[in-house]
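These are the residues of each chain, in order.
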Amino acid sequence: MNDLKQKIQAAVNLYKSGNFIKCQEITNKLISINPKVVFLYNLLGLVLTSLKKNDEAEEVYKKGIEIDPNYAMIYNNLGTIYYSKSSAAKNFENNIKKAEEFYQKAIKLNSKIPEANSNLGNLYNSIGDNKKSIKYHKLAIDSDSKYLFSYLNIANVYVEIGNFSEAIKYLNESIKLDPNFTPSHRLLSRIIKYTKKTSHLSQLNDLYKKNESQDNLNKMNIAFALGKANEDIGEIEKSFNYYKTANKINRKNIDFSILEEKKFFNEIKNTYNNDIFDKYSKFGSNNSSCIFIVGMPRSGTTLIEQILSSHSKVFGADEVLYIPQLIDEYFGKNKLNLSLQGIFNFDSSQLTKIAKDYIFLMESISKNSKKTVDKLPANFLNIGLIKLILPKSKIIHCYRNPKDNIFSIFKNHFSANKIKFASDLYETVEYYNLYFDLMEFWNNLLPNFILNFKYEDLIKNTENEVKKLLKFCELKWESQCLEFYKNKRPIKTASDTQARNKIYNTSVNKWKIYERFLEDYYKKLKVQ
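So, a few notes on the structure that sits alongside this text. Here the residue numbering is sequential within each chain, running from 1 through the sequence in written order. Where totals are concerned, whole chains, interfaces and linings use all residues; where local detail is concerned, this predicted model gives features only for residues with pLDDT of at least 70, and gives and counts side-chain atom pairs only at 80 or more. Computation of side-chain values: all heavy atoms of the structure, hydrogens and water removed.

Below, the discussion takes up the overall build of the protein. Assigned secondary structure in the protein consists of 26 helices and five strands. Radius of gyration (C-alpha) of the protein: 24 Å, near the 24 Å computed for a compact globule of 528 residues. Each principal axis of the C-alpha distribution contributes one length, and for the protein these read about 75 × 60 × 45 Å. With 528 residues in all, the protein has 54% of them scored as buried. Secondary structure counts use DSSP, requiring at least four H or I residues in a row for a helix and at least two E residues in a row for a strand, with both numbered from the N terminus. For this measure, only C-alpha atoms enter the radius of gyration; the expected value for a globule follows 2.2 Å times N^0.38, where N is the number of residues. Burial status follows relative accessibility: with a 1.4 Å probe on protein chains alone, a residue under 20% of its type maximum counts as buried, one over 50% as exposed, and anything between as partly exposed.

Pasting the structure below:
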């Protein structure tokens, strides 16, 4: 028995170290010899999930349940599989429901599992039920007061809804439990204003010294936090160097090629033309409820959505991935362009189906609102498809001073590295050039379909610009759109703190404070 425990521990250590292939091999061998040990099925399921083999993981978990129907953690992990695929268009409600049921089953079997409570809290947060989300995050803390991610998760919810004092309370509690829990330090740095006397600043400096010889996520988190802290206190050279260090570490974990992006952008421009829009003009939906806000990250998209969603007829959905996921579901990631060009066999009625699926997904979350806002900035890549499937939709393109925009991207960390071009300034500049060129292409090809909305104009002349925005969206004037900062809807992006404030001009030309450090990077920027 001791020998088995040692072998299981060795497999667990492989899993923790990220050596999933070797862990899978050893765990399979252990299962063949010990087919009744349910822990091994749970471990193998985790390994397969890490290898993105969710279907195989699901089958393994089900075998584990057959051996022990009361093994709570397996239900938790099954819930996570269904939650991860919850946004799939065809099974959205079903996947969310199954994930919820599995988490609840895990909690019923063992209420002391903090992961199940916290995961259920994350699920409710994802569908906009933050009251339940907070409830389950608190239950997670009650079940295990040392499970640090419960504090981080509930703090994230409070940041999203603008309750920064509660967020700070939970972050400080997690840091008190473990001063080395760096995700909490990074989030805390985003929501407090530093002075040279702020105690958290000295704590960050001490932590950085501890991690200085490492190139790991802990050092990255602290470097981002110190970049923000030193920016607040005017130590600009230190601030830039910390941002640079944080991004250098982060870049090592990202698979990104600017050359591949150039090919992709060229494919888009080679696909869409007037002939394509004429050919498929009968297959789009007449629905006029959809508003898309597109542009680069950190260009003002969150602020525009906050203004629009303050209108009584508008629901802001935040950054939903429905359009990219529908493209993947119907075409595969690389087949859309070839299908539209007629190189692959293509049933034109699929465009109608995509439109119906998209409208269904938005209606399922929009609380019967007259208009919905999809604020996924990267949908600027998909403007052509949006025009085909929803020709009566509205596209708002947000843009700002490119030098401000690029540096704002660089100094922010994006969750799950979803912005892959963000961690190297040279790459960000190159990507910006591609984006700007593509937007010129869309504006020339689709005149009057896109409202180009400049952030700096909104700052200078707020009321007139908001009126222009509402008119374009065919919405009547409502004065509360000028009081968007009172809007209590959750904000899930890196702009969650700024969009809670009144219009301010401190972010205009902010790059100039860092100009001497940015000059070389900006030499290849084609847009001034």
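Continuing now.
Looking now at helix H5 (residues 72–84). The span expected for a helix works out to 1.5 Å for each residue beyond the first. Helix length check: H5 (13 residues) gives 19 Å between terminal C-alpha atoms against 18 Å at 1.5 Å per residue, within 8%. Burial in H5 covers these residues: Ala72, Ile74, Tyr75, Asn76, Asn77, Leu78, Gly79, Ile81 and Tyr82. Next to the buried residues of H5 lie helix H3 (38–50), helix H4 (54–67), helix H6 (92–109) and helix H7 (114–126). Throughout, a residue-residue contact means that at least one pair of heavy atoms, one from each residue, lies within 4.5 Å.

A word on the packing of aromatic side chains. Centre distance within 6.5 Å is the pairing criterion for rings of Phe, Tyr and Trp, where only the six-membered ring of Trp is used; planes under 30 degrees apart are then read as stacked, over 60 as edge-to-face, and the remainder as tilted. Counted by the stated rule, this structure contains 27 aromatic pairs. With centroids separated by 6.2 Å and ring planes inclined at 45°, the aromatic side chains of Phe265 and Phe380 adopt a geometry described as tilted. Residue Phe265 is located in helix H15 (residues 258–271), and its partner Phe380 is located in the loop between strand E3 (371–374) and helix H21 (383–389); the two are separated by 115 residues in the primary sequence. The exposure class of Phe265 is buried, given its relative accessible area of 3%. In this structure Phe380 comes out as buried when scored by relative accessible area, which is 2%. Joined through ring pairs, the aromatic side chains of Phe264, Phe265, Phe380, Phe421, Tyr431, Tyr432 and Tyr435 make up one cluster. Any Lys NZ or Arg CZ found within 6 Å of a ring centre and within 35 degrees of that ring's normal is scored as a charge over the ring. The ring of Tyr75 carries the charged tip of Lys105 above its face, separated from the ring centre by 5.6 Å. A cation sits over an aromatic face here: Lys387 above Phe449, 4.5 Å from the ring centre.

Time to look at unusual backbone geometry. Backbone geometry at Asp318 places phi at a positive 70°, although glycine is not the residue there. With respect to the helices and strands, the residue Asp318 is situated in the loop between strand E2 (314–316) and helix H18 (322–331). Asp318 sits in the buried class, given a relative accessible area of 6%. In this model, Asn509 sits at a positive phi of 60°, which is unusual for a non-glycine residue.

Let us now look at the pairing of strand E1 (residues 290–295). Across the six residues that make up E1, a large majority, six, are buried. Across the two faces of E1 the burial is the same, with Cys290, Phe292 and Val294 and Ile291, Ile293 and Gly295 all buried. We treat two strands as partners when DSSP finds at least two bridges between them. Judged from the three bridges that link them, E1 and E3 form a sheet pairing that is parallel. Looking at E3, one finds that Cys290 is bridged to Thr372. Inspection of the sheet shows E1 paired to strand E4 (residues 394–399) by five bridges, in the parallel sense. Residue pairing across strands places Gly295 opposite Cys398, the latter belonging to E4.

The next subject is the state of the cysteines. The definition used for a disulfide is geometric: two cysteine sulfur atoms within 2.5 Å. Counted according to the given criterion, the structure contains zero disulfides. Here Cys398 stays free of any disulfide, with the sulfur of Cys473 as its closest cysteine sulfur at 10 Å.

Tracing the chain through its elements places Pro179 in the loop between helix H10 (164–177) and helix H11 (182–191). Residues Pro179 and Leu451, 272 residues apart in the sequence, show an inter-C-alpha distance of 48 Å. Dropping the residues within four chain positions of it, Pro179 is found in contact with His185, Gln203 and Leu207.

Helix length check: helix H12 (residues 199–211), at 13 residues, gives a terminal C-alpha distance of 19 Å against a target of 18 Å (1.5 Å per residue), a fit within 8%. Taken as a whole, H12 has its buried residues at His200, Leu201, Leu204, Leu207, Tyr208 and Asn211. For H12, the arc enclosing every buried residue in end-on projection is 125°, short of the 170-degree limit, so these residues lie on one face. Away from its buried face, by an angle of more than 90 degrees, H12 presents the exposed residues Ser199, Lys209 and Lys210. Taken together, the buried residues of H12 touch H10, H11, helix H13 (217–232) and helix H14 (236–251). When we speak of the arc, we mean the arc of directions from the helix axis to the C-beta atoms.

Turning our attention to the side chain of Glu261. As for its position among the elements, Glu261 is in helix H15. Counting rule for charge: Lys and Arg are taken as positive, Asp and Glu as negative, and neither His nor the chain ends is counted. In what follows, salt bridge is the name for a side-chain nitrogen of Lys or Arg lying within 4 Å of a carboxyl oxygen of Asp or Glu. Lacking a salt bridge, the buried Glu261 has Lys420 as its closest oppositely charged neighbour, with an N-O distance of 8.9 Å. Contact partners of Glu261, with chain neighbours within four places excluded, come to Phe256, Tyr431 and Leu434.

Turning our attention to the sheet that holds E1. Sheet architecture is open: five strands sit in the order E2-E3-E1-E4-E5, paired in parallel fashion. At either margin of the open sheet sits one strand with a lone partner, and together these are E2 and strand E5 (450–454). Taken pair by pair, the neighbouring strands of this sheet meet at an average axis angle of 25°, ignoring direction. Helix H17 (residues 301–308) rests against E1, E2, E3, E4 and E5 of the sheet, and its axis sits at about 160° to E1. Angles run from 0 to 180 degrees between N-to-C directions of axes, and those axes are lines fitted to C-alpha atoms, restricted for helices to the stretch in contact. In the packing of helix H20 (residues 349–365) onto the sheet, contacts are made with E1, E2 and E3, and the angle to E3 comes to roughly 105°.

Joining through side-chain atoms within 4.5 Å is the link that ties buried Ala, Val, Leu, Ile, Met, Phe, Trp, Tyr and Cys residues into a set, and such a set is a nonpolar core. Of all hydrophobic cores here, the largest spans 146 residues; its most connected members are Tyr272, Phe380, Ile383 and Trp442. No other element matches the 11 residues that helix H23 (residues 425–445) contributes to this core. When sequence neighbours within four positions are dropped, the list of residues in contact with Trp442 reads Ile268, Tyr272, Phe380, Leu381, Ile383, Gly384 and Ile450. Among the nonpolar cores identified, the runner-up in size contains 23 residues, and Ile307, Ile396, Leu475 and Cys481 belong to it.

Applying the stated rule across the entire model yields 19 salt bridges. Here Asp437 and Lys269 are joined by a salt bridge, their closest N and O atoms 2.4 Å apart. With Asp437 in helix H23 and Lys269 in helix H15, this pair connects stretches of sequence that are 168 residues apart. Taking the relative accessible area as the measure of exposure, Asp437 reaches 34% and is therefore partly exposed. Owing to a relative accessible area of 26%, Lys269 belongs among the partly exposed residues under this scheme. Two residues, Lys467 and Glu463, come together in a salt bridge whose shortest N-O distance is 3.3 Å. Residue Lys467 and its partner Glu463 are located together in helix H25 (residues 462–472), separated by four residues, close to a single helical turn. The class of Lys467 is partly exposed, set by a relative accessible area of 39%.

Distances and angles like these do not, on their own, reveal function.
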